[in-house]
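In case you want the letters, here they are:
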Amino acid sequence: DTVLDFASGWGRLTRLLEQRLRPYHFYVADIYHQAIDWQVATFGVNGVHSAKVSVVFIFTGKYDIVLVGSMFSHLPTELFHQWLARLYDLVSDRGVLAFSVHDEAILPAGEVMDPSGLSYLRFSESGSLDLDIYGMSYVTEAFVGAAITRLGSGLSWRRFPKGLYENQDLYV
């Protein structure tokens, strides 16, 4: 019944989902407040202004689908874990969390995978976000599995290689 599109930007997904979902069941959130305000005005969805770090993101509710397209592909290790836990808290009892990552298979040539399972590179397409919190990250399936396990016992998950945006793995 309810969907939260987190890190929704200017509505890449909203443009599609608003054709299938009632606007009052659909929430969008992003660090770029102007993009959220535009989506609210354009599509009539519910908008939430996000924050750079999860501890100051004050938002409540439970959602049947929490979709995070492309944010986790840009976070360093600690922020990856913090945001994963924070967003998982917003999933309803019958809901799912879906998020995308860059798999280690697309790590740029010459770069070596960090033994932790997450390699963070300090470059990005964003000219406005600090490289300490937003760069390019590449993960192993083992890293993501361990991160999900940290959320609670008994959680099941599935990986869809290149399941989103043609180059990002989708985890549900």
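See the structure shown above.
Residues numbered from 1 in each chain as written. Predicted model: local features only at pLDDT ≥ 70, side-chain atom pairs only at ≥ 80, totals over all residues. Heavy atoms only, no water.

A. Region of the structure containing the packing of aromatic side chains. Applying the stated criterion across every chain, the model contains 15 aromatic pairs. Between Phe-6 and Trp-83, the ring centres sit 5.1 Å apart and the planes meet at 45 degrees, which makes this aromatic pair tilted. In this pair, Phe-6 is assigned in strand E1 (residues 3-6) and Trp-83 in helix H3 (residues 77-88), connecting sequence segments 77 residues apart. A relative accessible area of 2% means that Phe-6 is categorised as buried. (Phe/Tyr/Trp six-rings, centres within 6.5 Å; stacked < 30°, edge-to-face > 60°. Helix = DSSP H or I, 4+ residues; strand = E, 2+ residues; numbered from the N terminus. Buried < 20%, exposed > 50% of the residue type's maximum accessible area, 1.4 Å probe, protein only.)

B. Just the pairing of strand E5 (residues 91-101), in detail. Summarising the sheet, strand E4 (residues 63-68) and E5 pair through five bridges and their orientation is parallel. Each bridged residue has a counterpart across the sheet, and for Tyr-63 the counterpart in E5 is Val-91. Considered for its hand, the β-α-β crossover made up of E4, H3 and E5 is right-handed. Both E5 and strand E9 (residues 168-171) contribute to a ladder of three bridges, which runs antiparallel. Across the sheet, the residue bridging to Val-101 is Asp-169, located in E9. (Pairing = 2+ DSSP bridges. Right-handed = clockwise from strand over helix to strand, strands pointing away.)

C. The arrangement of the pattern of salt bridges in detail. Evaluation of the coordinates by the stated rule reveals six salt bridges. A salt bridge links Asp-1 to Arg-94, with the shortest nitrogen-to-oxygen separation between them at 3.3 Å. Here Asp-1 is found in the segment before E1, whereas its partner Arg-94 is found in strand E5, with 93 residues between them in sequence. Judged by relative accessible area, Asp-1 falls into the exposed class, the value being 63%. By relative accessible area, Arg-94 is classed as exposed at 62%. In this structure, Arg-159 engages Asp-103 in a salt bridge whose closest nitrogen and oxygen atoms are separated by 3.4 Å. With Arg-159 in strand E8 (residues 159-164) and Asp-103 in the loop between E5 and strand E6 (118-121), this residue pair connects regions lying 56 residues apart in the sequence. A relative accessible area of 11% means that Asp-103 is categorised as buried. When salt bridges that share partners are traced, they join Asp-103, Glu-141, Arg-159 and Asp-169 into one network. (Salt bridge = Lys/Arg side-chain N within 4 Å of Asp/Glu carboxyl O.)

Purely spatial values, then, with no claim about function.
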